[in-house]
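This is what each chain is made of:
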Amino acid sequence: MIYSAGGIPVLLPNIEKPNEKLFCEIAHNIDGLLLSGGGDISPEYYGKKLSSYEKGVSPRRDFFEFHFGKYFIENTEKPVLGVCRGHQVLNVILGGDLYQDIAEMWNSKKQIVKIEHRRHGEKEKRSWHKVRILKPSKLFDILGCQIIIVNSSHHQIVNIISNRLKISAIGPDEANEALEFNGERFILSIQWHPESIDNEYSKKIFSAFVEASMIK
Ligand SMILES: [Mn+2]
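Residues numbered from 1 in each chain as written. Predicted model: local features only at pLDDT ≥ 70, side-chain atom pairs only at ≥ 80, totals over all residues.

Peer 1: I'm lost on the overall build of the chain in this one. Help?
Peer 2: A tally of helices and strands in the chain yields 6 helices and 9 strands. In terms of overall size, the chain behaves like a compact globule, its C-alpha atoms giving a radius of gyration of 17 Å where 216 residues would be expected to give roughly 17 Å. Counting only C-alpha atoms, the chain reaches 50 × 40 × 35 Å along its principal axes. For the chain, the share of sequence-separated contacts (at least 6 apart) that also reach a separation of at least 24 residues comes to 64%. (Helix = DSSP H or I, 4+ residues; strand = E, 2+ residues; numbered from the N terminus. Rg over C-alpha atoms; globule rule 2.2 N^0.38 Å. Contact = placed C-beta atoms within 7 Å.)

So, in structure tokens, the structure goes:
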């Protein structure tokens, strides 16, 4: 998606014990940071204990993404795009937290609407649901419409939002489906997987990110 949008995708080295010099070199040499999908973040990064809910936790990946992501946000003005796990990582880096499982959200909100966000069935198919894009928002400016249908394969959901971010999309159950930076800088994250949806909306998200990355 990055390449199709005119950018050059580069994988970052997941060094076990990164230091600030490495962070500085990488941050200097890339134009934007994409935080991609993956397993659950260790809840120690948002002040909770590891539970039976967490799946696919990678301490090494968590350490690199949390510390490099924080360095990149604090020391550059370059764009950041978060996808799925990356959406959650961004919120955690900036001081927010997560429901460790959708069941926690259901229990805490006592809401009537319960929709499926998780993968389901024999082949672990992704669910699909509507999201409402809030406006004014950067995401609305990018997509140009208020309701879209997105895929969904997450069982954790953003709970407390970082005070440096604001909500830019919600699900029918008010689950947080997108966040963006309070301010001009391009920092945007989405809970769905646009890279697996072949439509205009997905292309617009990656094009906006690559375009923002090219501004010097
Ligand atoms: Mn969802």
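Peer 1: Please clarify how the nonpolar core should be interpreted in this entry.
Peer 2: Among the nonpolar cores identified, the biggest contains 45 residues, and Leu35, Val80, Leu139, Ile157 and Phe209 are the most heavily contacted of them. When residues no more than four places from it in sequence are discounted, the contact partners of Leu139 are Ile133, Ser168, Ala169, Ala178, Glu180 and Leu188. (Core = buried A, V, L, I, M, F, W, Y, C linked by C-beta atoms within 7 Å. Buried ≥ 20, exposed ≤ 12 C-beta atoms within 10 Å, placed from the backbone.)

Peer 1: Even after reading the chapter, I still don't get the sheet that holds strand E2 (residues 80–83), so can you show me in this structure?
Peer 2: In a beta sheet, neighbouring strands pair by backbone hydrogen bonds and run either parallel or antiparallel. One open sheet holds the 7 strands; their spatial order is E1-E2-E9-E8-E7-E4-E5, and the pairing between them is mixed. At either end of the open sheet lies a strand with only one pairing partner, and these are strand E1 (33–35) and strand E5 (147–152). The sheet shows a mean angle of 25° between the axes of neighbouring strands, direction not considered. Sheet topology note: the E1/E2 ladder contains 3 bridges and is parallel. Directly across from Leu33, in E2, lies its bridge partner Val80. (Pairing = 2+ DSSP bridges. Axes fitted to C-alpha atoms, helices over the stretch in contact; angles between N-to-C directions.)

Peer 1: Explanation requested: the pairing of strand E4 (residues 127–133) in the structure shown.
Peer 2: Each regular strand displays side chains that alternate between the two surfaces of the sheet. For E4 and E5, the ladder comprises 6 bridges, and the chain directions are antiparallel. Paired with Val131 across the two strands is Ile148, which belongs to E5. Across 2 bridges, E4 lies against strand E7 (residues 165–170) in antiparallel orientation. Along E7, the bridge assignment pairs Arg132 with Ile170.

Peer 1: Before we go on, may I ask you to explain the pairing of strand E8 (residues 176–181) in this structure?
Peer 2: With 6 of its 6 residues buried, E8 lies for the most part within the structure. As judged from the 5 bridges shared by E7 and E8, these two strands associate in the antiparallel manner. Along E8, the bridge assignment pairs Lys166 with Glu180. Linking E7 back to E8 in an antiparallel pair, the connection comprises 5 residues, with Glu174 at a positive phi of about 70°.

Peer 1: Just checking my understanding: could you explain the environment of Ile197 for this structure?
Peer 2: Among the structural elements, Ile197 can be located in the loop between strand E9 (187–190) and helix H6 (200–214). Taking C-alpha positions, Ile197 is 9.9 Å from Ile149, a pair spaced 48 residues apart along the chain.

Peer 1: I'm lost on helix H2 (residues 59–75) in this one. Help?
Peer 2: Working note: α-helix, 3.6 residues per turn, so residues spaced by three or four point in the same direction. Across its 17 residues, H2 extends 24 Å between first and last C-alpha, which sits within 8% of the 24 Å expected from 1.5 Å per residue. On its buried side, H2 packs onto helix H1 (20–29), E1, E2 and helix H3 (85–93). (Expected span 1.5 Å × (residues − 1).)

Peer 1: Please explain unusual backbone geometry as it appears in this structure.
Peer 2: In most cases, non-glycine residues show a negative phi, while peptide bonds are predominantly trans. A cis geometry characterises the amide bond from Lys135 onward to Pro136, with omega recorded as 5°. Residues other than glycine seldom take positive phi values, yet Cys84 does so here, at roughly 55°. Positive phi is not limited to glycine here, since Glu174 has a value of about 70°. Here Glu174 shows up in the loop between E7 and E8.

Peer 1: What is the right way to read the packing of H1 against H2 from this model?
Peer 2: Packed helices, taken two at a time, are described by their axes: the angle between them and the distance between them. At their nearest, the axes of H1 and H2 sit 10 Å apart, and the two run at 60° to each other. It follows that H1 is oblique to H2 by the angle criterion. Here H1 runs over H2; the crossing is right-handed. Across from Phe23, Ile26 and Ala27 in H1, the residues of H2 making contact are Phe68, Tyr71, Phe72 and Asn75. Of the residues contributing to the contact of H1 with H2, the split by class is 6 nonpolar, 1 polar and no charged. (Parallel < 35°, antiparallel > 145°, perpendicular 65-115°, else oblique. Left-handed = near helix turned anticlockwise from the far one by under 90°. Nonpolar A, V, L, I, M, F, W, Y, C, P; charged D, E, K, R; others polar.)

Peer 1: Looking at this structure, I do not really get the environment of Val57. What am I missing?
Peer 2: Relative to the helices and strands, Val57 resides in the loop between E1 and H2. Taking the C-beta count within 10 Å as the criterion, Val57 has 15 such neighbours and is therefore assigned partly exposed. A sequence separation of 42 residues divides Val57 from Ile15, and the C-alpha atoms of the two residues are 17 Å apart. Residues in contact with Val57, not counting those within four places in the same chain, are Gly39, Asp40 and Ser42.

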